[in-house]
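# Reading the structure
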Amino acid sequence: MSTLVLPALLLTAVMGAVTALFYWYLRPFLADGQVSEFLPLAFGTLGVAFAAWALFAYALAAFLGTLFRRLVPTMAVTLIVYIVLAIATATSIRPHYEAPVTEAGWNGPAGAGWVISSWVDAPDGQRVSQDTLNSLAASAQGPESFTDWLTQHGYTMWQSIQPDSRFWRFQLTEGGWLLGTSALLIGGSIWLIRRRGA
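Description of the structure in this document. (Residues numbered from 1 in each chain as written. Predicted model: local features only at pLDDT ≥ 70, side-chain atom pairs only at ≥ 80, totals over all residues. Heavy atoms only, no water.)

### A short note on the nonpolar core
Residues Phe38, Phe43, Leu46, Phe56, Phe167 and Ile186 are the most contacted members of the largest nonpolar core, which totals 25 residues. In terms of residue count, the dominant contributor to this core is helix 3 (residues 49-68) (nine residues). Those residues in contact with Phe167 that sit more than four places away from it in its chain are Tyr23, Glu37, Phe38, Phe43, Leu46 and Gly47. The next biggest cluster of nonpolar side chains, apart from the first, holds nine residues, and it includes Val120, Val128, Leu133 and Leu136. (Core = buried A, V, L, I, M, F, W, Y, C linked by side-chain atoms within 4.5 Å. Buried < 20%, exposed > 50% of the residue type's maximum accessible area, 1.4 Å probe, protein only. Helix = DSSP H or I, 4+ residues; strand = E, 2+ residues; numbered from the N terminus. Contact = heavy atoms within 4.5 Å.)

As structure tokens, then:
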């Protein structure tokens, strides 16, 4: 048991230290609002997520190694499962940890949060399709920006965002389910080892 648990604890501690280094590097950019902590690459390297994902990869590899008892299949399946889950989390799971906030306008300050989606409503309140928006952009003329043109012609811009204030809630949510999954995988590895040894 200690051969699985102690390396897991050491790995988590080291990844926590690496996260502190990433935070130190990004702090000036975050303070100036040049980047958001919710950017996919930033989110995955800050807070508890980085250590939690590293622990999950370790626990998954240990479980699959115990299950398959062959190095190459273990490495291949671990890599595939990790990549698929990481992409699914960033694109489909993480945006729904909490219902996004809908606000008027587009492209607020760079550090205002994670924009999930944006759209335009016509003066009659109907949502404008992307094709219609492209046609409007082609026909809009004048020195003003396209967003100014839309506003002047009665269109309303909206965006759905996850505010930066939710960063730690999202980090703890992601870290929590990764920690629980890692514990189950390590427990499954220990169970398989004991069962085979009996």
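From this point, things continue past the structure.
### As for the sheet that holds strand 3 (residues 156-163)
Here we have three strands laid out as an open sheet, ordered 1-3-2, and antiparallel in their pairing. If you trace the sheet from one side to the other, it starts and ends with strand 1 (101-104) and strand 2 (113-121), each paired once. Taking each pair of neighbouring strands and ignoring which way they run, the sheet shows an average axis angle of 25°. (Pairing = 2+ DSSP bridges. Axes fitted to C-alpha atoms, helices over the stretch in contact; angles between N-to-C directions.)

### Notes on the packing of helix 3 against helix 4 (residues 71-93)
Between helix 3 and helix 4, the shortest axis-to-axis distance is 9 Å and the interhelical angle comes to 145°. Here helix 3 and helix 4 pass one another in a crossing that is right-handed. Contact residues: Trp53, Phe56, Ala57, Leu60, Ala61, Leu64, Gly65 and Phe68 in helix 3; Pro73, Thr74, Val77, Thr78, Val81, Tyr82, Leu85, Ala86 and Thr89 in helix 4. Across the contact of helix 3 with helix 4, the residue classes tally to 13 nonpolar, four polar and no charged. (Left-handed = near helix turned anticlockwise from the far one by under 90°. Nonpolar A, V, L, I, M, F, W, Y, C, P; charged D, E, K, R; others polar.)

### What to know about the packing of aromatic side chains
In total, this model carries 14 aromatic pairs according to the counting rule given. Where Phe38 meets Phe170, the ring centres are 5.2 Å apart and the plane angle is 85°; that geometry is what we call edge-to-face. Here Phe38 is found in the loop between helix 1 (2-31) and helix 2 (40-45), whereas its partner Phe170 is found in helix 7 (residues 167-197), with 132 residues between them in sequence. This pair shows no difference in class: Phe38 is buried, exactly as Phe170 is. For the ring pair Trp53 and Tyr82, a centre distance of 5.5 Å and an interplane angle of 80° mean the geometry is edge-to-face. Of the two residues, Trp53 is situated in helix 3 and Tyr82 in helix 4; the sequence distance between them amounts to 29 residues. One aromatic cluster is present, built from ring pairs that chain together Phe38, Phe43, Tyr97, Trp114, Phe167, Trp168 and Phe170. (Phe/Tyr/Trp six-rings, centres within 6.5 Å; stacked < 30°, edge-to-face > 60°.)

### Side note on the pairing of strand 3
Taking burial as the measure, the eight residues of strand 3 include six buried ones, the bulk of the element. For strand 2 and strand 3, the ladder comprises eight bridges, and the chain directions are antiparallel. Bridged to Trp114 within strand 3 is Gln162.

### Some remarks on the side chain of Glu37
Inspection of the secondary structure puts Glu37 in the loop between helix 1 and helix 2. One buried charge, Glu37, has no salt-bridge partner; the nearest side chain with opposite charge is Arg27, at 7.5 Å. Excluding anything up to four places from it in sequence, Glu37 contacts Tyr23, Leu30, Ala42, Phe43, Leu46, Asp164 and Phe167. (Lys, Arg positive; Asp, Glu negative; His and termini not counted. Salt bridge = Lys/Arg side-chain N within 4 Å of Asp/Glu carboxyl O.)

The values are spatial; any link to function lies outside them.
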